[in-house]
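Report on the structure
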Amino acid sequence: MARLAALLLFVLAFLPLREWLGLGGGDPSRVPGRVIGWVRDTGYVVVVGAILAALWSRRPRAMRLPDPVRWWWEGDRRADLVLALLAATGYAVLSRYLFDGRPSVIDEVVQLWQAEWLARGRFVAPIVEPLAFVLTRYTTELNGGIIGQYPPGIPMLLVPGVWIGAAWAMVPLWGGVGVYAWARLVRRLEPHPATGFAAIVVLTVCSFWAALAASQLSHVPTIALLLAGGAALAAAVQDDTARPRQALLAGLGLGAAALLRPLEAAAFAIPAGAILLWRVRGGTAHLGALIASGVGIGAMLGVLGLFNWLQTGDPFLFGYVAVWGPAHLPGFHETPWGGEHTPLRGLASSLRNLGLLQRALFESAVPAFLAPVLAMALWRRPLAMADRWLILASLAMIAAHWSYGQDGLWLGPRFHLPLVPILVLWTVRLPLALGGKRAGTVAAWAVATMVIVGAIVDVPGTYRRYRDLNPALRDDIRGMFDAAGIEDGIVLVRDRQSRVAVAELRARGVSPARARSLAARGNACGARVVARMDTIPRTLSRAPRPNLIEEQLCGEQAEWEFRSADASAAILLGTTESRRVVRDRQADNLEWIDEATARERTWVLSWDPMMENAARPPRLVKLDADSAWASWQREREIRAGTW
């Protein structure tokens, strides 16, 4: 099985399939240069590894250090817990450095918003009418409330942090849980202590894993639960004895992962079920273990169904589908954001993500798949059943995302983070796979050189780049409101015209995919004209751009195209019981603000233009009622005269 996995990974990661098949803009002329770069950089690492191995073998006795491997191996659970606590602390520090304890991408904003309502005992947020004022990406109106698209897992994990005012610390904590679960699984997988210890250390310091462990995204907690389930599965199948209790724990861990990311959970649970089913031929006791695992998974799926019922009114209707429709589900069909997801498009996406993972895993110029592929191809030891599960689950995960229409590129190819444990394990197994003591020592030092040089040379620059991502979402909007003393009233948030258009179209019943398509075509302000028509032509191929509107209305509002500002964070996280944060809709503000009796308690939040002072925080100013009302009235007259 290891050799088959090596062949598949070699084909996907090293053969220029994108170039040969003409997928995703692959340029065949770049292939020779890429191969030469791989060979050159790998050669450098091997040479340095050989030099270090020679120096280490001749070191004086006085330079010999205490043996951390022996401490870890003999310390068992206590040692694993110490490593996990150190990891969680490091991820928490990194989270403050990279993201200042605030969401840095819209996914995190919506998940935190869901967690805050969940912390209040609410599964949906109350509606503010008109909907176009408050609808954001990844939220929708359903059954008299506004819901987010995400499953319950990550909001539930964030709730304790919401209660103590430290939601940002929850995912780093689960990063530590993931390290602990990985340590428990490695003890079952790898009997060679030095290799097992290396697998834990390398995963802990892996820059790709660490960055996502410092975020507020669901990927690391998902993998922590998968690894916990895997550790229990490894205990359940370590010999011919049936262990229903361990199988139950495996089912609970794998099922709990479905509360966060159902696709990855299915990819890891199906091979686990197949392994337990295979063992049923050994007797009825193994059938009991299989049933116990099914009970564990079923219990967690029951929680998922209950949450769906409380949120969407249907235990089988996920928030994703409520927002985007059935097109969001895996499969080869039209995607919610336009275009057809075909097998070739899925292959192009998978190849692109695996290519990015080659670099992102260790931030090294040496391809990250090289050592694992070599180790699997040269492996001679029998594989443990848990080893086979990890290989099958990882390949199933690649296949699952091949059929899924999203790339998930944020802090690296994050949808492929579940591959990190197996890649790390087989990377540090390369010295064992090579067999000979001298070759193994050189390989060990070469791997160490690759990881350490990447951490010293490239990781700091990558992390500095992460600090600059989405500055508009990172602004402390709530802090600004508090500093200005805005406890009640209305805050108008100036958003991109394209996003205003999408919100207005969606409020009129247009699907998110069609709304985005209309707003993306031609003039975004023209799409707003479409949004305000009483009847929206379903066969419209292009947003109309009337000269009068384009010259007078859209021309005046051109300044409203801001830097990558997204009003979603302010709308979702800034609204309280008495303070409404809503999207600025110009002329439509006239009656609404008067109806809300808040003309004298209205503020405007806006960002600087995209090309000027991009690093400055947004400005919060009191509404100039006279000039605003005059401008909005002029817009209304232009509309009336044009239509």
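In case you missed it, the structure is sitting above this.
All values reported here derive from a predicted model rather than from experimental measurement.

Our focus in this paragraph is the overall build of the protein chain. Counting secondary structure elements, the protein chain contains 29 helices and six strands. Put simply, the protein chain has 643 residues, and 54% of those count as buried. Taking the contacts inside the protein chain whose residues are at least 6 apart along the sequence as the reference set, 78% of them involve residues at least 24 apart. For the protein chain, the computed accessible surface area is about 27700 Å², with 61% contributed by carbon and sulfur atoms.

Here we take up the sheet that holds strand S5 (residues 602-606). Read across the sheet, four strands follow the order S4-S3-S5-S6 without closing on themselves; strand pairing throughout is mixed. The two strands at the open ends of the sheet, each matched to only one other strand, are strand S4 (579-583) and strand S6 (619-622). Averaged over all adjacent pairs, the angle separating strand axes in this sheet is 25 degrees, with direction ignored. When S5 meets S6, the two strands line up antiparallel, connected through four bridges. The partner of Val 604 across the bridge, within S6, is Val 621. Sheet strands in contact with helix H27 (residues 567-574) are strand S3 (489-493), S4 and S5, and its direction is about 160 degrees off that of S4.

Further remarks concern the packing of helix H7 (residues 170-189) against helix H17 (residues 385-402). Following both chains from N to C, one finds H7 and H17 inclined at 125 degrees, their axes separated by 8 Å at the closest point. If you check the angle between H7 and H17, you find them oblique. Along the contact surface, H7 presents Trp 182, Leu 185 and Leu 189, while H17 presents Ala 386, Asp 387, Trp 389 and Leu 390. Split by residue class, the contact of H7 with H17 holds six nonpolar, no polar and one charged.

For the rest of this paragraph, the subject is the nonpolar core. With 122 residues, the main nonpolar core has Trp 182, Trp 209, Phe 268, Phe 369, Trp 389 and Trp 426 as its most contacted residues. The element best represented in this core is helix H10 (residues 219-236), accounting for eleven residues. Among all residues touching Phe 268, those that are not within four sequence positions of it are Leu 226, Leu 254, Trp 389, Leu 390, Ala 393, Met 397 and Pro 418. Counting 49 residues, the second-largest nonpolar core is a separate cluster that includes Trp 117, Phe 133, Ala 598 and Leu 620.

Successive side chains on a regular strand alternate, one facing one side of the sheet and the next facing the other. When strand S1 (residues 139-142) meets strand S2 (residues 145-148), the two strands line up antiparallel, connected through four bridges. The residue of S2 that forms the bridge with Thr 139 is Gly 148. In sequence, S1 turns back onto S2 through a hairpin of two residues, with Asn 143 there showing a positive phi of about 50 degrees.

Further remarks concern the packing of aromatic side chains. Between two aromatic rings, the relevant description is the distance of the centres plus the angle of the planes. Enumeration according to the criterion identifies 14 aromatic pairs in this entry. Ring geometry for Phe 14 and Trp 38: centres 5.3 Å apart, planes at 80 degrees, overall edge-to-face. Of this pair, Phe 14 sits in helix H1 (residues 2-14) while Trp 38 sits in helix H3 (residues 31-57); the two residues are 24 residues apart in sequence, bridging distant segments of the chain. Trp 38 matches Phe 14 in its accessibility class, with the two residues each being buried. Here the aromatic cluster, defined as three or more aromatic residues joined through ring pairs, consists of Tyr 138, Tyr 150, Tyr 320 and Trp 324. For Arg 137, the ring lying beneath its charged end belongs to Tyr 138, and the centroid distance is 5.9 Å.

On to helix H8 (residues 193-205). For H8, built from 13 residues, the straight-helix expectation of 18 Å at 1.5 Å per residue is met to within 8% by its first-to-last C-alpha distance of 19 Å. Those residues of H8 hidden inside the fold are in contact with helix H4 (68-99), H7, helix H9 (207-213), helix H18 (420-428), helix H19 (430-434) and helix H20 (437-467).

Within the secondary structure, Glu 190 is located in the loop between H7 and H8. In this view, Glu 190 contacts Trp 73, Thr 195, Gly 196, Trp 379, Arg 381, Arg 429 and Leu 432; residues no more than four positions away in its chain are not counted.

This next bit is on the environment of Leu 354. Structurally, the position occupied by Leu 354 is in helix H15 (residues 343-360). Here Leu 354 falls in the buried class, since its relative accessible area comes to 1%. Put simply, Leu 354 and Ala 368 are 14 residues apart on the chain and 9.8 Å apart in space, counted from C-alpha to C-alpha.

Our focus in this paragraph is the pattern of salt bridges. Evaluated as defined, the whole model comprises 19 salt bridges. The salt bridge involving Arg 184 is made with Asp 76; its shortest N-O contact spans 3.3 Å. In this pair, Arg 184 sits in helix H7 while Asp 76 sits in helix H4, placing the two residues 108 residues apart along the sequence. Take Arg 184: its relative accessible area is 14%, and that puts it in the buried class. Glu 190 is the partner of Arg 381 in a salt bridge, and the nearest nitrogen-oxygen pair spans 3.3 Å. In this pair, Arg 381 sits in the loop between helix H16 (370-378) and H17 while Glu 190 sits in the loop between H7 and H8, placing the two residues 191 residues apart along the sequence. On the accessibility criterion, Arg 381 (32% relative accessible area) is partly exposed. By relative accessible area, Glu 190 is classed as buried at 0%. One continuous salt-bridge network, built from bridges that share partners, spans Asp 76, Asp 80, Arg 184 and Arg 187.

Scoring rules and cut-offs
- Residues numbered from 1 in each chain as written.
- Predicted model: local features only at pLDDT ≥ 70, side-chain atom pairs only at ≥ 80, totals over all residues.
- Heavy atoms only, no water.
- Helix = DSSP H or I, 4+ residues; strand = E, 2+ residues; numbered from the N terminus.
- Buried < 20%, exposed > 50% of the residue type's maximum accessible area, 1.4 Å probe, protein only.
- Contact = heavy atoms within 4.5 Å.
- Areas by Shrake-Rupley, 256 points an atom, 1.4 Å probe, with all protein chains shown as cover.
- Pairing = 2+ DSSP bridges.
- Axes fitted to C-alpha atoms, helices over the stretch in contact; angles between N-to-C directions.
- Parallel < 35°, antiparallel > 145°, perpendicular 65-115°, else oblique.
- Nonpolar A, V, L, I, M, F, W, Y, C, P; charged D, E, K, R; others polar.
- Core = buried A, V, L, I, M, F, W, Y, C linked by side-chain atoms within 4.5 Å.
- Phe/Tyr/Trp six-rings, centres within 6.5 Å; stacked < 30°, edge-to-face > 60°.
- Lys NZ or Arg CZ within 6 Å of the ring centre and 35° of its normal.
- Expected span 1.5 Å × (residues − 1).
- Salt bridge = Lys/Arg side-chain N within 4 Å of Asp/Glu carboxyl O.

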